[in-house]
Amino acid sequence: MNRLAAVCLMAALHGCAATGVPRTTQPLAWTLGSAEASAITTQTYRALVRAVEARLPVAAGTPSAILAADGTPLPCTAETAQRPAAVFDVDETLIWNVGHAYYEARGDAPFDEKAWGAWEREGAEKAVAVPGAKAALDALRAMGVTPVFNTNRNAENAKHTEAALAHTGLGPAVHGETLFLKGDVDGKSGKDGRRAEIAKRFCVLALAGDQNGDFTDGIDNGAAGKRPMAERRDIAAARHGAHWGADWFVFPNPLYGGWNNPPMNRDDVVAPDQRWTYKGNH
């Protein structure tokens, strides 16, 4: 997950255009409090398990869920075919960071790197598993599929992330083996380098995350930097459409993310020919 400024969707839709704007409680209440959010995550995890099971057993040449530099799936080797895996983002994919989200919402606090770092170190016993996550990881392990964790939590806090995954029942996770963190491999926050390293060790049958960057860095990032929102949508649909629900599984996160970098306003969201204004009392 690419942890960016926490600017809420509702504020964005009402014209908010600056990073660091405090989030409202509405996206938080939906994510952590609604039956609908739990239903969505549970059904997505069930779909992931079914998709992985349908691809077993694997053999040399099996297309990986991880992309090569040219955008085509990396083929599994004879060696990696012996180690099938599924790769998961952690925050807001496997774990809901309830305590940190409560801190930000209750205090109208914008995202702060130091506060997030403290949460990584102190929040292991306050994190909760996303509904459906534990059952899915248990099912994968029972099938001989290894869950691998690829997250932009900080490498210096590796033992605390291992503890958070253990506390939520999602572990074990071992840094450098089944846990990859920001600062590992190539030192970048983008995950393509880590995914390439994981693909050398495992035959990856599924990717799961809540941000485009959990699947490929190429949707959000272009040669000139961050792509415009409309271009990201087009690339996700046209170039990668066959992956969604097949070997890529995305989870809802209206709290923060690359979708709001640069910050969206209502003109980004609603095209001119889609807008409407009420003109009377009829």
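Above this text is the structure in question.
Quantities reported herein were computed from a predicted structural model and do not represent experimental measurements.

J.: Which residues make up the sheet that holds strand β7 (residues 179-182), and what values do they have?
T.: Read from one edge of the open sheet, five strands run β7-β6-β3-β8-β11, paired in parallel fashion. Strands at the two margins of the open sheet, each flanked by one partner only, are β7 and β11 (248-250). Going from strand to strand, the sheet's axes swing by 20° on average, the running direction of each strand aside. Note that strand β3 (residues 84-88) and strand β6 (residues 146-154) share four bridges and pair parallel.

J.: Describe the packing of helix α2 (residues 26-33) against helix α3 (residues 35-54), listing the residues and the values that go with them.
T.: It is the contact of α2 with α3, at a shortest axis distance of 5 Å, that shows an interaxial angle of 55°. Considered as vectors, α2 and α3 are oriented oblique to each other. From α2, W30, T31 and G33 reach across to α3, where they touch A35, E36, A37 and I40. The residue inventory of the contact of α2 with α3, partitioned by class, reads four nonpolar, two polar and one charged.

J.: Which residues make up the side chain of T168, and what are the values?
T.: With respect to the helices, strands and loops of the structure, T168 is situated in the loop between α7 (158-167) and β7. For T168, a relative accessible area of 9% translates into the label buried. A distance of 3.1 Å separates the side chain of T168 from the backbone oxygen of L165, its partner in a polar contact. Discounting residues that sit within four places of it in the chain, T168 has contacts with I95, A127, V128, A129 and K134.

J.: Give a detailed account of the packing of α3 against helix α6 (residues 133-142), specifying residues and quantitative values.
T.: Where α3 meets α6, the closest approach of the two axes is 9 Å, and the angle between their N-to-C directions is 10°. By the criterion of interaxial angle, the relationship of α3 to α6 is roughly parallel. Taken together, the residues of α6 that come into contact with α3 (itself represented by Y45, L48, V49 and V52) are A133, A136, A139 and L140. Across the contact of α3 with α6, the residue classes break down as eight nonpolar, no polar and no charged.

About the cut-offs
Residues numbered from 1 in each chain as written. Predicted model: local features only at pLDDT ≥ 70, side-chain atom pairs only at ≥ 80, totals over all residues. Heavy atoms only, no water. Pairing = 2+ DSSP bridges. Helix = DSSP H or I, 4+ residues; strand = E, 2+ residues; numbered from the N terminus. Axes fitted to C-alpha atoms, helices over the stretch in contact; angles between N-to-C directions. Parallel < 35°, antiparallel > 145°, perpendicular 65-115°, else oblique. Contact = heavy atoms within 4.5 Å. Nonpolar A, V, L, I, M, F, W, Y, C, P; charged D, E, K, R; others polar. Buried < 20%, exposed > 50% of the residue type's maximum accessible area, 1.4 Å probe, protein only. Polar contact = N/O pair within 3.5 Å; in protein donor to acceptor, adjacent residues only side chain to side chain.

Shape is all these values report; function is a separate question.
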